[in-house]
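Here's the letter readout for the chains.
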Amino acid sequence: MRNPLDVEDVFHYSMKLLLASNSPRRRELLAGLGWPFEVKVLEGIDESYPEGLSPEEVVRHIAREKAAAYTVGDDELVITADTIVVLGDEIMGKPTDAADAVRMLRELSGKTHQVMTAVCMKTQCKQHELCVITDVTFKELSDEEIDYYVNHYKPFDKAGAYGIQEWIGYVGVTAIRGSYFNVVGLPVQRIYDELRREFGVNLP
């Protein structure tokens, strides 16, 4: 007789995997793992954070707060995530407008920064989180290149005002240390490993 609390069997036969994100990039990346999932997004989640936290603590805090907003059924596992770009001690979120995007890219030009993505995975019985950090180096970007990218690609929904999979990544990124997919928006390799290890998820 099968143990009804066998997490691996429950997931394999009936568990619903939920992605709590509107990001088309995160949807595409999670789909690449081969597991079926649904998108479930709650509006109005508070993404503020206490003062005095380190950048990694900030991004972990926001991912946890997103997870806390969801009530999951006994057959559900929800995945929440948050990504920030960090240059020195400055956290770069999404730009407020074109001028702010230009400012961010000028600051990133010719430097190495970190992209941090925190992920929280939650069922009724368990919550597990992770944070992946990738170093990204830009060449010296000209004002012409920055203006072209901002005007044509309008990266206002992207932390740090850029998408590495877009034109600016093709022409401007000279080095990456760590997960490329983390920079796109979701560290799928770690998610795959930890869903299998922590929640007993089978291969697709």
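Up top you'll find the structure we're talking about.
To start, this report covers the structure provided alongside it.

Digging into the packing of helix α4 (residues 98-108) against helix α5 (residues 143-153)
Then, in step 1: Put simply, α4 and α5 touch, their axes get as near as 10 Å, and they point 140° apart. Taken together, the axes of α4 and α5 lie oblique to each other. Between α4 and α5 the crossing geometry is right-handed. In this structure, α4 contributes Ala98, Ala101, Val102, Leu105 and Arg106 to the contact, and α5 contributes Asp143, Ile146, Asp147, Tyr149 and Val150.

Digging into a nonpolar patch on the surface
Then, in step 1: Side chains of Ile176, Tyr180 and Phe181 sit close together on the surface and give an oily, nonpolar patch of about 260 Å² of accessible area.
Then, in step 2: Examined against the element boundaries, Phe181 turns out to sit in helix α7 (residues 180-184).
Then, in step 3: Judged by relative accessible area, Phe181 falls into the partly exposed class, the value being 41%.

What to know about helix α8 (residues 188-199)
Then, in step 1: Taking 1.5 Å of rise per residue, 12 residues should cover 16 Å, and α8 covers 15 Å from first to last C-alpha, within 8% of that figure.
Then, in step 2: Where α8 terminates, the next one or two residues include Gly200, which has phi positive at roughly 70°.

Details of the pattern of salt bridges
Then, in step 1: A full pass over the atoms with the stated rule returns 16 salt bridges.
Then, in step 2: For Glu166, the salt bridge identified is with Lys158, shortest N-O distance 3.3 Å.
Then, in step 3: By relative accessible area, Lys158 is classed as buried at 8%.
Then, in step 4: The partner of Glu198 in a salt bridge is Arg197, and the shortest N-O contact between them spans 3.7 Å.
Then, in step 5: Here the salt bridges do not stand alone but share partners, grouping Lys126, Arg190, Glu194, Arg197 and Glu198 into one network.

Considering the packing of aromatic side chains
Then, in step 1: Enumeration according to the criterion identifies 5 aromatic pairs in this entry.
Then, in step 2: Ring geometry for Tyr149 versus Tyr153: centroids 5.3 Å apart, planes at 25°, classification stacked. Note that Tyr149 and Tyr153 are positioned in helix α5 at a spacing of 4 residues, about one turn of the helix.
Then, in step 3: For the ring pair Tyr180 and Phe181, a centre distance of 5.6 Å and an interplane angle of 70° mean the geometry is edge-to-face.
Then, in step 4: Tyr180 sits in the partly exposed class, given a relative accessible area of 34%.

Thresholds applied
- Residues numbered from 1 in each chain as written.
- Predicted model: local features only at pLDDT ≥ 70, side-chain atom pairs only at ≥ 80, totals over all residues.
- Heavy atoms only, no water.
- Axes fitted to C-alpha atoms, helices over the stretch in contact; angles between N-to-C directions.
- Helix = DSSP H or I, 4+ residues; strand = E, 2+ residues; numbered from the N terminus.
- Parallel < 35°, antiparallel > 145°, perpendicular 65-115°, else oblique.
- Left-handed = near helix turned anticlockwise from the far one by under 90°.
- Contact = heavy atoms within 4.5 Å.
- Patch = residues over 30% accessible without salt bridge, like charges linked within 9 Å, V, L, I, M, F, W, Y side chains within 5 Å.
- Areas by Shrake-Rupley, 256 points an atom, 1.4 Å probe, with all protein chains shown as cover.
- Salt bridge = Lys/Arg side-chain N within 4 Å of Asp/Glu carboxyl O.
- Buried < 20%, exposed > 50% of the residue type's maximum accessible area, 1.4 Å probe, protein only.
- Expected span 1.5 Å × (residues − 1).
- Phe/Tyr/Trp six-rings, centres within 6.5 Å; stacked < 30°, edge-to-face > 60°.

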